[in-house]
Every structure is written in structure tokens, then in C-alpha cells.
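Chain by chain, the residues:
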Amino acid sequence: QIPTTPLDAVAIRHDGSLIVSGGRDKIVRLWNTATGDLRGQMLGHTAWVTKVAINNDNRVIASSSQDTTVRLWDALTFAPRAVLNHHSGSVTSVAFSPDGRMLATTGLDGIIWIGESATGKELARLTNFNGAVWSVAFSADGRRIATGSADGTIWLWGLYDNSVTRLDGHAASV
């Protein structure tokens, strides 16, 4: 079934063979890039899907949503693995660490949540100093995350040394 509502999220598997998408119809879809065929759908979100990510071993898909949840899915069976409820508002972004062991999420509540991707166990909860957080990315070595805020500020967070660096320069949300 081809979506007829806007897509808000897309991620490509590391080997380029699959694409994950999500959007306002609340469905996470997995596509074969060679054939264009729909491989499967993952149902469970009750509001639109804001972001999707695939971990480095291509076995777990994460999706964030305006329903305040992050859902982890088995990429082979499309079965739900976990529902994470760490935000009090819309979850705006989700990212796996390069080694796939950690997951980071951000939300309109100003929370940056970091946990184990296998279990959902919380490792850290950071609070943005300026409100809503729109985006998150891990550094290549997995030792830092960068977050983008509604006020245009980028924050660089050291996960192992507790460093925090503020980067200014954007006039709007990052």
C-alpha cells in the first residue's frame, strides 16, 4: 500500500538494500530499494511518525512519534521489540550510536534521552537549556552527541566526560 499522506521520516540501511519510511499515516514501512517492493509494515503508533533509524547490524528499526513514544521493531519479522515512554511530549528525533548499542531520542519536552538499544535501559537523561530539541546525531566514535534546538542552538554533549559545548549561529530551529 503506497502512502497517500506526507512522509516525515526516511532512513536507508547501511548496505543500501532497504529503506525505512514513516509519516503522518502512523505506519512504519520497509522497502526493497532494488525492486521498489514494500517488504513490510509496522503498526502501533497512534500519531504521526517523526523519525526512523536502523541500527548498524540492520536488525533493529527505531521510530519516534508525536504519540510520545519510541518503538523498536525487529527488521526481519517487523514484530515490535519494545515501546519506550521517556518523553512527555512529541518525540522529534531518534538515532543509534555507530556501534548500535545506544539509542538517543529528543523531544519537544526538552529531554535528550540515551539508553541501551537492546533493553531500553536508561543510561542518561539530559535537559536542553532552551526548550524543545528537534534533532540528534552521534559522533563517529560514539562518544558525543549533537542536538539541535528550537532556538537555533546546537549543543555538543560528551557522553563520557560530561562536557557540554554550545554552538550558536542559526536563526531558526536546528
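Here goes a summary of the coordinates provided. Small disclaimer: the values here were computed from a predicted structure and weren't measured.

**Section: the side chain of Arg 29**
Logical step 1: The residue Arg 29 is located in strand S3 (residues 28-32) in this model.
Logical step 2: Residue classification places Arg 29 among the buried residues on the basis of a relative accessible area of 1%.
Logical step 3: Only 2.7 Å separates the side chain of Arg 29 from the side chain of Asp 25, close enough to count as a polar contact.
Logical step 4: At 3.2 Å, the side chain of Arg 29 and the side chain of Gln 41 are in polar contact.

**Some thoughts on the pairing of strand S7 (residues 70-74)**
Every other side chain in a regular strand lies on the same face of the sheet, so the side chains alternate between the two faces.
Logical step 1: Taking burial as the measure, the five residues of S7 include four buried ones, the bulk of the element.
Logical step 2: Of the strand pairs in this sheet, strand S6 (residues 60-65) and S7 are connected by five bridges, and their pairing is antiparallel. Residue pairing for S7: Ser 64 is matched across the bridge by Val 70.
Logical step 3: Between S6 and S7, which pair antiparallel in sequence order, lie four residues; one of them, Thr 68, sits at a positive phi of approximately 75°.

**Remarks on the packing of aromatic side chains**
Logical step 1: Within the structure shown, the criterion is met by one aromatic pair.
Logical step 2: Here the guanidinium or amino end of Arg 24 rests over the ring plane of Trp 48, the centre of that ring lying 4.0 Å away.

**Section: the sheet that holds strand S2 (residues 18-23)**
Logical step 1: Spatially, S1-S2-S3-S4 is the arrangement adopted by the four strands of the open sheet, whose pairing is antiparallel. The sheet is open, and its two edges are formed by strand S1 (7-12) and strand S4 (38-42), each paired on a single side. Taking each pair of neighbouring strands and ignoring which way they run, the sheet shows an average axis angle of 20°.
Logical step 2: Both S1 and S2 contribute to a ladder of five bridges, which runs antiparallel. Residue pairing across strands places Ala 11 opposite Val 20, the latter belonging to S2.

**Things to note about the pattern of salt bridges**
Logical step 1: Within the structure shown, the criterion is met by six salt bridges.
Logical step 2: Of the charged contacts, one joins Arg 101 and Asp 99 as a salt bridge, the two residues approaching to 3.6 Å between their closest N and O atoms.

**Section: the pairing of strand S11 (residues 111-116)**
Logical step 1: Burial within S11 is extensive, with five of its six residues counted as buried.
Logical step 2: One ladder, built from five bridges, connects strand S10 (residues 102-107) with S11; its direction is antiparallel. The residue bridging Ala 104 from the neighbouring strand is Ile 114, located in S11.
Logical step 3: Remark: three residues form the turn of the hairpin made by S10 and S11, two consecutive strands paired antiparallel; Gly 110 in that turn has positive phi of roughly 80°.
Logical step 4: Strand direction decides the pairing type here: S11 and strand S12 (residues 122-127), joined by five bridges, are antiparallel. Across the sheet, the residue bridging to Ile 114 is Ala 124, located in S12.

**A short note on the environment of Ala 171**
Logical step 1: Topologically, Ala 171 is positioned in the segment after strand S16 (164-167).
Logical step 2: Judged by its relative accessible area of 84%, Ala 171 falls in the exposed class.
Logical step 3: Distance in space between the C-alpha atoms of Ala 171 and Gly 152 is 5.6 Å, their sequence separation being 19 residues.

**With respect to the environment of Thr 127**
Logical step 1: Along the chain, the position of Thr 127 falls in strand S12.
Logical step 2: Spatially, the C-alpha atoms of Thr 127 and Thr 106 are 9.7 Å apart, while their sequence positions differ by 21 residues.
Logical step 3: Setting aside residues up to four positions removed in sequence, Thr 127 forms contacts with Gly 110, Ile 111, Ile 112 and Trp 157.

The rules behind each value
By convention here, each chain's residues receive numbers from 1 onward along its written sequence. Given that the model is predicted, a residue must reach a pLDDT of at least 70 before its local features are reported, and side-chain atom pairs must reach 80 or more before they are shown or counted; all residues, however, enter totals for whole chains, interfaces and linings. For side-chain calculations, the full set of non-hydrogen atoms in the structure is used, while hydrogens and water are omitted. We count a stretch as a helix when DSSP gives it H or I for four or more residues in a row; a strand needs E for two or more, and each element gets its number in order from the N terminus. A 1.4 Å probe rolled over the protein chains alone gives each residue an accessible area, and that area as a share of the maximum for its type sets the label: buried under 20%, exposed over 50%, partly exposed in between. The definition of a polar contact used here is a pair of N or O atoms within 3.5 Å, where within protein one atom must be able to donate a hydrogen and the other to accept one, and adjacent residues in sequence count solely through side-chain atom pairs. When DSSP finds at least two bridges between two strands, those strands are taken to pair. Stacked, tilted and edge-to-face are the three classes assigned to paired rings of Phe, Tyr and Trp, where Trp is represented by its six-membered ring and a pair needs centres within 6.5 Å; plane angles under 30 degrees give stacked, over 60 edge-to-face, the rest tilted. The criterion for a charge sitting over a ring is simple: Lys NZ or Arg CZ within 6 Å of the ring centre, and within 35 degrees of the ring normal. Axis lines are fitted through C-alpha atoms, for helices just across the contact stretch, and the angle between N-to-C directions can take any value from 0 to 180 degrees. One side-chain nitrogen of Lys or Arg within 4 Å of one carboxyl oxygen of Asp or Glu is enough to make a salt bridge. Contacts: residue pairs with any heavy atoms within 4.5 Å of one another.

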